[in-house]
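Listed below, chain by chain, are the residues.
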Amino acid sequence: MTPPIRVLHVAESAGWAGGEAYLVRLATALDRRRFTMAVVVPETGPLTERLAALGVPTFVVPLNARLLSPRALCNSLFDYEIGALRRRLYVAAERLTAPLAHRVVAVSQAVGRDLVTRYRLPAEQVVVIQNGIDPGGFVPKRGPAAARAELGLGPASRLVALVGRLTRQKGPDLLVAALPPLVTAWPDLRCLFIGEGELGPELRLQAAALGVASHCVFLGPRTDVADLVAISDIVALPSRSEGLPFALLEAMVLARPVVATRVGGNPEVVEDGRTGLLVPPEDPGALTRAVRFLLDHPTEAEAMGRRGQERVLRDFSVDRSIGALQELYWSAASRLALDGASGRGRPAARSS
């Protein structure tokens, strides 16, 4: 009997967000007869607890070096405000390490294009496997009235939600900047920030300075994200950079209308004007107008949500994503075995 193929993943954190949730889904869905999985993490946390419950071994390796980190090699560096020298070093590191793998997996077509055009990886080395979602794994556990009551919100409050880490990449400051005209038009509007991050204190100060502090609800990390997304009128993703965000797939699978920036893989999921609205990055005014349109046109917003749900269920299933990844592991490992027999062994694949 052929022994299982060993698969090692390196996680940028042991917290709980889209990427970490995907690792748990992958660990759950991998065919244990064909694969055995382990994960390297920078510290212990919710991710290690969930993996341990699945019998997946984890190894703690500090990855907080200031110069290089896995996160620096996971999204497009050209969307970040970093110095020219550091960017050159990161790009050099990507090009240097790429030949160590048979294949490099990109989570979106946009990331795949970046790897080929900007990092100059060979096109035949890059494989695009878009993220997918399990609709049965993202289901509200209580009714809307109970979820609203827990937050002290009445049925008249209109809700805009941002789900993600409170970091510059995710653009929560842009959503706060977009709020003043919105709360003038909709005094009962509340903006839910679901997640934590280093921008938390700064966002609270920004909201106070703009006079919208009473309209911002900072909830921190939650285990009931599906409940909170389900009661939201709109889910906003004003990111400055993205691969293909799970928060977008989760909002759409619950038929929530979305407003997202035209970056990374977002346009691969959101058909502008049909399954949601796309706005330019770094443009709070455009964000205001898009959110205002959906608030002012609930029938059109509801239709966009339904079409978005249909699209995600059709084209972004977790079964398709993990099935493609398993086949890649299998084919790459087969090639690795041949190379090993000839003395040319190297890792089968890595993700970006």
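In this text, all values refer to a predicted model and were calculated from it rather than measured experimentally.

Digging into the sheet that holds strand β2 (residues 35–41)
Here is step 1: Spatially, the three strands line up as an open sheet ordered β1-β2-β3, and their pairing is parallel. Looking along the sheet, the strands with just one partner apiece sit at the ends: β1 (5–10) and β3 (58–60). Pairs of neighbouring strands in the sheet enclose a mean axial angle of 20 degrees, with direction left out of account.
Here is step 2: Where β1 lies against β2, six bridges are found, and the strand directions are parallel. Note that in β2 the partner of Val-10 across the bridge is Val-40.
Here is step 3: On the sheet, helix α1 (residues 18–29) packs against β1 and β2 and is oriented at approximately 160 degrees with respect to β2.

What about the packing of helix α6 (residues 172–185) against helix α11 (residues 284–296)?
Here is step 1: Where α6 contacts α11, the axes come no closer than 8 Å and their chain directions differ by 45 degrees. By the criterion of interaxial angle, the relationship of α6 to α11 is oblique. α11 is crossed by α6, and the crossing has right-handed handedness. For the pair α6 and α11, the contacting residues are Leu-174, Leu-175, Ala-177, Ala-178, Pro-181, Leu-182 and Ala-185 in the first and Pro-284, Leu-287, Thr-288, Val-291 and Arg-292 in the second.
Here is step 2: Class assignment of the residues belonging to the contact of α6 with α11 gives a composition of ten nonpolar, one polar and one charged.

Description of the pattern of salt bridges
Here is step 1: Across all of its chains, the model carries 21 salt bridges by this definition.
Here is step 2: Between Glu-250 and Arg-25 there is a salt bridge, and its shortest N-O distance comes to 3.4 Å. Separated by 225 residues along the polypeptide, Glu-250 in helix α9 (residues 246–253) and Arg-25 in helix α1 bring together distant segments of the chain. No difference in accessibility class separates Glu-250 from Arg-25, as the two residues are buried.
Here is step 3: The structure contains a network of salt bridges with shared partners spanning Arg-142, Glu-150, Arg-222, Asp-224 and Asp-227.

Description of the state of the cysteines
Here is step 1: The full count for this structure, using the stated rule, is zero disulfides.
Here is step 2: Between Cys-191, a cysteine without a disulfide, and Cys-216, which holds the nearest cysteine sulfur, the sulfur-to-sulfur distance is 5.6 Å.
Here is step 3: On the basis of relative accessible area, Cys-216 is assigned to the buried category, the value being 10%.

A word on the pairing of strand β10 (residues 258–261)
On a regular strand, one side chain projects to one face of the sheet and the next to the other, so that they alternate.
Here is step 1: Of the two faces of β10, both are covered, the one formed by Val-258 and Ala-260 as well as the one formed by Val-259 and Thr-261.
Here is step 2: As judged from the three bridges shared by strand β9 (residues 234–237) and β10, these two strands associate in the parallel manner. Following the sheet pairing, Ala-236 is matched in β10 by Val-259.
Here is step 3: After leaving β9, the chain enters α9 and then returns to the sheet as β10, a path that is right-handed.
Here is step 4: Summarising the sheet, β10 and strand β11 (residues 277–279) pair through three bridges and their orientation is parallel. Bridge pairing in β11 links Val-259 to Leu-277.

Concerning the pairing of strand β7 (residues 190–194)
Here is step 1: By the criterion of burial, β7 is predominantly enclosed, with four of the five residues buried.
Here is step 2: Judged from the five bridges that link them, strand β6 (residues 159–163) and β7 form a sheet pairing that is parallel. Considered in β7, the bridge of Val-160 is made with Cys-191.
Here is step 3: Remark: the β6/α6/β7 crossover connection has right-handed handedness.
Here is step 4: In the sheet, β7 pairs with strand β8 (residues 216–220) via four bridges, with the strands oriented parallel. Bridge pairing in β8 links Ile-194 to Gly-220.

Here we look at the sheet that holds β10
Here is step 1: On the basis of which strands lie adjacent, the open sheet formed by six strands has the order β8-β7-β6-β9-β10-β11 and parallel pairing. Edge positions in the sheet fall to β8 and β11, since each has one partner strand and no second. Neighbour-to-neighbour, the strand axes of this sheet turn through a mean angle of 20 degrees, independent of strand direction.
Here is step 2: Its contacts with the sheet place α9 against β6, β9 and β10, and it is angled at close to 160 degrees to β10.

Some thoughts on empty space enclosed by the protein
Here is step 1: As enumerated under the stated definition, the model contains two cavities of 30 Å³ or more in all.
Here is step 2: Considering only enclosed or pocket space, the largest cavity measures out at about 40 Å³ in volume.
Here is step 3: Lining the largest cavity are Leu-162, Val-163, Lys-170, Ala-236, Leu-237, Ser-239, Glu-242 and Ala-247.
Here is step 4: If you list the elements that add at least two residues to the lining of the largest cavity, you get β6 and β9.
Here is step 5: Taken together, the residues that form the lining of the largest cavity break down as five nonpolar, one polar and two charged.
Here is step 6: In this structure, the second largest cavity spans a volume of roughly 30 Å³.
Here is step 7: Surrounding the second largest cavity, Leu-174, Pro-238, Thr-261, Val-279, Pro-280, Pro-281, Glu-282, Asp-283, Pro-284 and Leu-287 form its lining.

So, the packing of aromatic side chains
Here is step 1: Taken as a whole and judged by the stated rule, the model has four aromatic pairs.
Here is step 2: Ring centres of Phe-35 and Tyr-329 lie 5.9 Å apart, and the angle between their planes is 65 degrees; on these two criteria the pair is classed as edge-to-face. With Phe-35 in strand β2 and Tyr-329 in helix α13 (residues 318–341), this pair connects stretches of sequence that are 294 residues apart.
Here is step 3: Note on Tyr-329: relative accessible area 9%, which makes it buried.
Here is step 4: Among the aromatic side chains, those forming a connected cluster through ring pairs are Phe-35, Tyr-329 and Trp-330.

Quick notes on the rules
- Residues numbered from 1 in each chain as written.
- Predicted model: local features only at pLDDT ≥ 70, side-chain atom pairs only at ≥ 80, totals over all residues.
- Heavy atoms only, no water.
- Pairing = 2+ DSSP bridges.
- Helix = DSSP H or I, 4+ residues; strand = E, 2+ residues; numbered from the N terminus.
- Axes fitted to C-alpha atoms, helices over the stretch in contact; angles between N-to-C directions.
- Contact = heavy atoms within 4.5 Å.
- Parallel < 35°, antiparallel > 145°, perpendicular 65-115°, else oblique.
- Left-handed = near helix turned anticlockwise from the far one by under 90°.
- Nonpolar A, V, L, I, M, F, W, Y, C, P; charged D, E, K, R; others polar.
- Salt bridge = Lys/Arg side-chain N within 4 Å of Asp/Glu carboxyl O.
- Buried < 20%, exposed > 50% of the residue type's maximum accessible area, 1.4 Å probe, protein only.
- Disulfide = S-S within 2.5 Å.
- Right-handed = clockwise from strand over helix to strand, strands pointing away.
- 1 Å grid on protein atoms, 1.4 Å probe; cavity = no way out; pocket = protein on both sides within 12 Å on 5 of 7 lines; lining within 4 Å.
- Points joined across faces, edges and corners; volume = space filled by probe spheres on them.
- Phe/Tyr/Trp six-rings, centres within 6.5 Å; stacked < 30°, edge-to-face > 60°.

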